Structures are given as structure tokens and as C-alpha cells.
Amino acid sequence: MVKILDNLSSIIDNYDLFIVDIWGVVHNDGAHTFDGVLDLLSKIKSLNKKLIFLSNAPRRKAEIERTLTKIGITPKYYTDIHTSGEETRIMLTQSDGKYGSKCFVVGSDNNLLENTNITITQDIDKADFVLGSGFLNNENGEWERKNLSRYDEVIQNALKRKLLWICPNPDIIVRTIAGELYCPGAIAKRYETKGGTVVYEGKPYSSAYKRIFEWFKDIPQNRIVGIGDGINTDIKGANDSGIDSILVVKSGIHVDELWNYDINSIDDSKLKSFTTKYQVTPKFVIPLFK
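Please read these numbers as outputs of a predicted model, since none were measured by experiment.

Participant: If you had to explain the nonpolar core to someone new, which residues and values would you point to?
Facilitator: Of all hydrophobic cores here, the largest spans 32 residues; its most connected members are Phe18, Phe53, Ile73 and Phe289. Looking at this core, the elements with two or more residues in it are strand S2 (17-20), helix H1 (37-46), strand S3 (50-55), helix H2 (61-70), strand S12 (224-228), strand S13 (244-248) and strand S16 (284-286). At four residues, the largest contribution of residues to this core is made by H1. Look past the residues within four positions of Phe18 in its chain and what remains in contact with it is Leu8, Ile12, Ile44, Lys49, Lys50, Leu51, Ile52, Val225 and Ile227. Formed by 22 residues, the second largest nonpolar core is a distinct cluster that contains Phe104, Val130, Trp165 and Ile187.

This is how it looks when you write it as C-alpha cells:
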């Protein structure tokens, strides 16, 4: 049974390691933290707890660190950062040429291939695999994150050659101040539904969790909790890895499914149908990460 909490403070003593999502939990615009975030991070730090940010960003750890610092979350507030982008880079670096040496990149590779033996080709007919780490431009020169049909030409060309599609961000959508936008996972899923083969790295898949458990092997798993706003990524990933999970509702992608705007609170009557719909159940739900 899911337990609704007002805040994290009531159970903070139950855990020694907090694995925390970023977008939808600590911010959703890259410019400001949500209210109460810095206070909670300070409290976790003061209690000598460990906190690692685990993001499905298809980017390097250093870039995420710079973004967090800009919004006031400096390294003094957390223990470490890990990303699905870094996990993808590790996978490719350790693959011993399993995926080939030439890669067609959708959008930017975000430096994931830097100092590897893999080169980027602009000709998909010469590629050994596709790295779906970014987005194409639309007619306005902006990233196309609302119209998936924009990617059909690339998808069809990749399908013709039966290329493996590597996706370093399994997220389907993200909630921003500009509304909901597609993530690279949505493009990869479109490729998959049309018959293509996809390898995903990041939440909810196990590799990132196993790596974190190895980093903090002195902390038993019953003292570790995963926190995020995505039921199919953050919560499923935590559950499948054998740790407790906390779903953040008000600032995340499921707010319209679980929030009662009339009383400004989580609607507990919706929780059962919500967990039945996704076949994933968090141990706790909280309005905000505070």
C-alpha cells in the first residue's frame, strides 16, 4: 500500500543513501530550484547521509554539475552525480568494438563519444549503429521535441539497414514550464515499434543502479531509496533494483494524474488506479522534494 507523506523529513532517518532524480524533482527550467530543495539537501548533508543525483540526461557528468551549480546546487550539497549518458559512454568504451566503429548521431553526441574508438559519420549508410542522444532541428532552427514524425526519415533509413539504435535517455516526456516535450526515449520507442532494435541505458535499467551500489557497497540496500517523478523510470528502476522508492508528484510528469487541484493535495483516491495502470507501485508519494 502506498503511503502519502507531506515531506521527506518524516522518513529521512530511515535511509543512508538517497538516489535522486533532477528534472521534475529539484527543478524544471534549468534556472531555479523548487522551493525547499536547498533546505532539504542541507539537512541530508548535516545528517552525514549520502546523496547521488542520478539523471537520465544523455550528457556527461560535468555538464550536469555545471547546470546544478548555476541554480545554486553546488557540490557541497551532494556526494556525486551519475547520468545515463555516462553509463552509455562506459558501455561503448568497454564494448571492444561490439557495436562497430562508425556511428550516426541524431542531434548531438553530447561528447559521449569523445576519446573513444568510435567516429561519427554524417552518412547513415556508412554507420554501424545509431546514437539517439539528441534532436533534429525543426523549420525554425529549434530542437524538434513536439513532432515525432520529424524523425521518420532517419528511422526508415536506419530500419532499411537494420541498425541498432542506442538510446542514452529512456525518458518519453519531460514536463517543463513550456509544457510537455518529447525526450530521446520517445524517438527510440518509435523506432522500436516500427521493428527496430534498441539498447537503452539509464533508469529503469539495472546498470546504473548496480554501479551506484558498487560505489556505496558499505550501505545495505534496505538503507537506500530512489526518488523521482517518473513512475516508469525512477520508481520502476528503484523497485526492480530492490530499493525503496518515492514518487514526487506536484512538480513532476504525473501531476495531472494524481493531484487534486481543488484541495491542493495528492488525490489518494486516484493512487490505486494509477498504480494499476502502470503496474508499478512506489513505497511513498510526496508532493515535492522538500
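From this point, things continue past the structure.
Participant: Can you break down the packing of aromatic side chains residue by residue, with the values?
Facilitator: Aromatic ring pairs are described here by two measures, namely the spacing of the ring centres and the angle between the planes. Inspection of every chain in the model, using the stated rule, returns seven aromatic pairs. The interplanar angle of 70° and the centroid separation of 5.3 Å between the aromatic rings of Phe53 and Tyr78 together place this pair among those described as edge-to-face. Of this pair, Phe53 sits in strand S3 while Tyr78 sits in the loop between H2 and strand S4 (80-83), and the two are 25 residues apart along the sequence. For Tyr78, a relative accessible area of 6% gives the class buried. Arranged with centres 5.7 Å apart and planes meeting at 40°, the rings of Phe135 and Trp143 form a pair that is tilted. Residue Phe135 is classed as buried on the basis of its relative accessible area of 8%.

Participant: So what's going on with the pattern of salt bridges? Which residues, and what values?
Facilitator: Opposite charge on two side chains makes pairing possible when the charged atoms of those side chains draw close. Tallying each qualifying case throughout the model produces 16 salt bridges. Between Lys189 and Glu192 there is a salt bridge, with the nearest N and O atoms lying 3.1 Å from each other. Residue Lys189 and its partner Glu192 are located together in helix H5 (residues 184-193), separated by three residues, close to a single helical turn. Taking the relative accessible area as the measure of exposure, Lys189 reaches 36% and is therefore partly exposed. According to the relative accessible area criterion, Glu192 is partly exposed, its value standing at 30%. In this structure, a network of salt bridges that share partners links the residues Asp16, Lys49 and Arg223.

Participant: Any details on the sheet that holds strand S5 (residues 102-105)? Residues and values, ideally.
Facilitator: Overall, parallel pairing links the five strands, which are arranged S6-S5-S7-S8-S11 in an open sheet. What marks the edges here is a single partner per strand, and that holds for strand S6 (119-120) and strand S11 (197-200). One ladder, built from two bridges, connects S5 with S6; its direction is parallel. Note on S6: the bridge partner recorded for Lys102 is Thr119. The sheet strands contacting H5 are strand S8 (164-167) and S11, and the helix crosses S11 at an angle near 150°.

Participant: Which residues make up the sheet that holds S16, and what values go with them?
Facilitator: By way of backbone hydrogen bonds, the strands of a sheet pair with one another, either parallel or antiparallel. Taken in spatial order, the seven strands line up as S1-S16-S13-S12-S2-S3-S4 in an open sheet, and their pairing is parallel. Strands at the two margins of the open sheet, each flanked by one partner only, are strand S1 (3-4) and S4. Bridge count for S2 against S12 is four bridges, and the pairing is parallel. By the bridge assignment, Ile19 is partnered in S12 with Gly226. Packed onto the sheet, helix H6 (residues 206-215) meets S2, S3, S4 and S12 and runs at close to 160° relative to S3.

Participant: I'd like a rundown of H6, residues and numbers included.
Facilitator: Listing the buried residues of H6 in full gives Ala208, Tyr209, Ile212 and Phe213. Summarising the axial view, the buried residues of H6 lie within an arc of 135°, below the 170-degree limit, and thus occupy one face. On its buried side, H6 packs onto S2, S3, S4, helix H3 (84-93), S12 and helix H7 (231-240).

Participant: Tell me what's going on with the environment of Pro287, and back it up with residues and numbers.
Facilitator: Tracing the sequence through the fold places Pro287 in the segment after S16. Its relative accessible area of 18% is what places Pro287 among the buried residues. Residues Pro287 and Ile177, spaced 110 residues apart in sequence, show a C-alpha to C-alpha distance of 18 Å. Excluding residues within four positions of it along the chain, Pro287 makes contact with Leu5, Asp6, Val248, Val249, Lys250, Ser251, Trp259 and Ile266.

Participant: Explain the pairing of S3 to me, and be specific about the residues and the numbers.
Facilitator: Judged by how many residues are buried, S3 sits mostly within the fold: five of six residues are covered. Sheet topology note: the S2/S3 ladder contains four bridges and is parallel. Bridged to Phe18 within S3 is Leu51. The pairing of S3 with S4 spans four bridges and is classified as parallel.

Cut-offs applied
- The numbering scheme is per chain: residues are counted from 1 as the chain's sequence reads.
- Local features are withheld for residues below a pLDDT of 70 in this predicted model, meaning they are given only at 70 or higher, and side-chain atom pairs are given and counted only at 80 or more; totals for whole chains, interfaces and linings count all residues.
- Side-chain measures here rest on the full set of heavy atoms in the structure, leaving out hydrogens and waters.
- The criterion is simple. A nonpolar core is a set of buried Ala, Val, Leu, Ile, Met, Phe, Trp, Tyr and Cys residues joined through side-chain atoms within 4.5 Å.
- Partly exposed describes any residue whose relative accessible area lies between the buried limit of under 20% and the exposed limit of over 50%, with all areas from a 1.4 Å probe on protein chains only and scaled to the type maximum.
- Each helix is a run of H or I in the DSSP string that is no shorter than four residues. Each strand is a run of E no shorter than two, and both are numbered from the N terminus.
- Contacts: residue pairs with any heavy atoms within 4.5 Å of one another.
- Here is the rule: rings of Phe, Tyr and Trp (six-membered ring for Trp) pair when centre to centre is within 6.5 Å. Planes less than 30 degrees apart are stacked, more than 60 are edge-to-face, and the remainder are tilted.
- The rule for a salt bridge is simple: a side-chain nitrogen of Lys or Arg has to be within 4 Å of a carboxyl oxygen of Asp or Glu.
- Whether two strands pair comes down to DSSP finding at least two bridges between them.
- With axes taken as lines fitted to C-alpha atoms, and helix axes fitted only over the stretch in contact, angles between N-to-C directions fall between 0 and 180 degrees.
- Arc definition: directions from the helix axis to the C-beta atoms.

The values are spatial; any link to function lies outside them.
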